[in-house]
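Listed below, chain by chain, are the residues.
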Amino acid sequence: MKYLKLLLIIAFTLLLLFAASDLPYRGEADNQMNQEISMTGTPVPGNYYIQEAYNDAHTPNIVTVILGDYRSIDTLGEQIVIFTAGLIVFLLLRNRKEDEENDQ
Amino acid sequence: MLDFFMGHYAYWFTIILLAIGLYGMLIKKNLVKKTIGLSIFQAGVILFFVSVAMKDGATVPVKADGLPVSEVANYMNALPHTLMLTAIVVGVATLGVAFALLINIYNRYGTLNEEELLDKIQ
Amino acid sequence: MTNRSPSPIILLGTRFLSPYIMVFGFYVIFHGHYSPGGGFQGGTLLAVSLLLIRIASGTQIANLQFKDYLATPYAALGVVIYFGTGLVAMIMGGYFLDYEQLPIPGLEAADLRYWGILIIELGIGLTVMTVLTLIYDNMVKGEDYA
């Protein structure tokens, strides 16, 4: 069983190495994700964010504008995920001490 | 050949991280070590996204004097940075949930070893 | 680990260091428009400044700085700040989280977006700080020393 798992990890690594050999070179300016029109003919949002972020919000940090303005509903969802994680920890560990006292 | 290496070595380091994380999740018996493997796997994915956002000759996505924003090649792609910024903090919060579950498992069964745990559950 | 007396050097060192980390956290939140930073990172730094006191000196002294039962209401308050900003914008006639419609007089649309982003970053920072403190407080509950 252990050798099967090791074989699985090696196969996974080799598959990823094979797939990575077809990826474009890192950092070239004419990569697909840096062009203005994607393969399917729709505009790519990355360029719009860089060009219009300062005009839209007067904020030099483009990451902040994307986080707080363009994708703000996404950020609201992330914040609710963090809040829910805190609530789950609170509810899971709330009665731990009382349970130990009841066991004794 | 050197171009191929310089263009791809970041992906290879990412794949090494993914393999280490998968090794921790599959081979190790302790549940805390499995959780650490999950965290390493997540770090590999985050590093892959950030390394993909890189552009040669570009600067960080903060508007600077003397670099007009109309020229897209001056700034890196900011969208992967944003996505990974939220993913890191959410990853920390969900790691807290995982450790809370492990604390409850330990208090109930007295062990964190996978095989002993399967024996005790049955 | 019961009845371990904390070293006075550690107590004094953490009490000296904690306010400066907190000030740096506020700087990261409020300067997030001009440099790398924002609510998530600044909230984590604020949580670090609280956790330093908690780790070094135990729950009783740390409750003088930030009471542990206040963590959940403050985290909810952070979500309410974010959601309420969007709701105010929607009530004033725009879309949800459309900062152009916020009722702050005397500002043009782009500056309104600037202030709207700052308000929601404050909400995010409050939630992240209190949730990280909440996780730590609940994990060490029942194993308290000092």
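That block above? That's the structure.
Structural notes, computed from the coordinates.

Calculation rules
Residues numbered from 1 in each chain as written. Chains lettered and ligands numbered in written order. Predicted model: local features only at pLDDT ≥ 70, side-chain atom pairs only at ≥ 80, totals over all residues. Heavy atoms only, no water. Phe/Tyr/Trp six-rings, centres within 6.5 Å; stacked < 30°, edge-to-face > 60°. Buried < 20%, exposed > 50% of the residue type's maximum accessible area, 1.4 Å probe, protein only. Lys NZ or Arg CZ within 6 Å of the ring centre and 35° of its normal. Contact = heavy atoms within 4.5 Å. Buried area = accessible area lost by both parts, 1.4 Å probe. Salt bridge = Lys/Arg side-chain N within 4 Å of Asp/Glu carboxyl O. Helix = DSSP H or I, 4+ residues; strand = E, 2+ residues; numbered from the N terminus. Axes fitted to C-alpha atoms, helices over the stretch in contact; angles between N-to-C directions. Parallel < 35°, antiparallel > 145°, perpendicular 65-115°, else oblique. Left-handed = near helix turned anticlockwise from the far one by under 90°. Nonpolar A, V, L, I, M, F, W, Y, C, P; charged D, E, K, R; others polar. Core = buried A, V, L, I, M, F, W, Y, C linked by side-chain atoms within 4.5 Å.

Moving on to the packing of aromatic side chains. Per the stated rule, a full pass over the model turns up 16 aromatic pairs over all chains. Centre to centre, the rings of Phe48 of chain B and Phe49 of chain B are 6.4 Å apart; their planes meet at 90 degrees, and the pair counts as edge-to-face. Among the residues examined, Phe48 of chain B registers a relative accessible area of 28% and is labelled partly exposed. Ring centres of Phe66 of chain C and Tyr74 of chain C lie 6.0 Å apart, and the angle between their planes is 45 degrees; this geometry places the pair in the tilted category. Among the aromatic side chains, those forming a connected cluster through ring pairs are Tyr25 of chain A together with Phe4, Phe5, Tyr9, Trp12 and Phe13 of chain B. Lying across the ring of Tyr54 of chain A, Lys63 of chain B places its NZ or CZ 4.6 Å from the centre.

Before going further, it helps to examine the interface of chain A and chain B. The partner chain B presents 50 residues to the 44 residues of chain A that form the contact. Carbon and sulfur atoms supply 74% of the area that chain A and chain B bury against each other, a total of about 4400 Å² over both sides. Counting every contact that joins chain A to chain B gives zero salt bridges. Among the secondary structure elements, those contributing two or more residues to the side of chain A that touches chain B are helix H1 (2–20), helix H2 (45–57), helix H3 (62–70), helix H4 (72–92) and helix H5 (96–103) of chain A. The element best represented in the side of chain A that touches chain B is H1 of chain A, accounting for ten residues.

Most peptide bonds are trans, and most residues other than glycine sit at a negative phi. In this structure, His58 of chain A takes a positive phi of about 55 degrees despite not being glycine. For Leu97 of chain C, which is not glycine, the phi dihedral falls at a positive 60 degrees. The topology assignment puts Leu97 of chain C in the loop between helix H3 (71–91) and helix H4 (109–139).

With that settled, the discussion passes to the packing of H4 of chain A against helix H3 (residues 79–109) of chain B. It is at 9 Å that the axes of H4 of chain A and H3 of chain B come closest, and there the two elements cross at 15 degrees. As summarised for this structure, H4 of chain A and H3 of chain B are arranged roughly parallel, according to the angle between their axes. Once H4 of chain A is placed against H3 of chain B, the crossing between them reads as left-handed. Across from Asp74, Glu78, Val81, Ile82, Ala85, Ile88, Val89 and Leu92 of chain A in H4 of chain A, the residues of H3 of chain B making contact are Leu83, Thr86, Val89, Val90, Ala93, Gly96, Val97, Ala100, Leu101 and Asn104 of chain B. Split into classes, the residues belonging to the contact of H4 of chain A with H3 of chain B amount to 13 nonpolar, three polar and two charged.

At the interface, 28 residues of chain A touch 37 residues of chain C. Buried surface at the junction of chain A and chain C, summed over both partners, amounts to about 2700 Å²; 67% is from carbon and sulfur atoms. Of all residues in chain A, Leu76, Gln79 and Phe83 of chain A bury the most surface against chain C, accounting for 20% of the area lost on that side. Between Arg113 of chain C and Asp69 of chain A there is a salt bridge whose closest N-O contact spans 2.7 Å. Elements with a contribution of two residues or more to the side of chain A that touches chain C: H2, H3, H4 and H5 of chain A. For the side of chain A that touches chain C, the element with the highest residue contribution is H4 of chain A, accounting for twelve residues. In terms of residue class, the side of chain A that touches chain C is built from 13 nonpolar, ten polar and five charged.

Turning our eyes to something else, we now look at the nonpolar core. In terms of nonpolar packing, the biggest core is built from 50 residues, with Ile82 of chain A together with Phe40 and Val128 of chain C touching the most fellow members. Every element with two or more residues in this core is listed here: H2, H3 and H4 of chain A, H3 of chain B together with helix H2 (39–65), H3 and H4 of chain C. Residue contributions to this core peak at ten residues, all from H4 of chain C. Other than its neighbours up to four places away in sequence, Val128 of chain C contacts Ile82 of chain A, Val89 of chain B together with Phe40, Gly43 and Thr44 of chain C.

Another point: the environment of Ile124 of chain C. Looking at the secondary structure, you find Ile124 of chain C in helix H4. Classification of Ile124 of chain C by relative accessible area gives buried; the value is 1%. Setting aside its immediate chain neighbours within four residues, Ile124 of chain C contacts Thr75 and Gln79 of chain A together with Gly39, Phe40 and Tyr82 of chain C.

Structural measurements only, silent on function.
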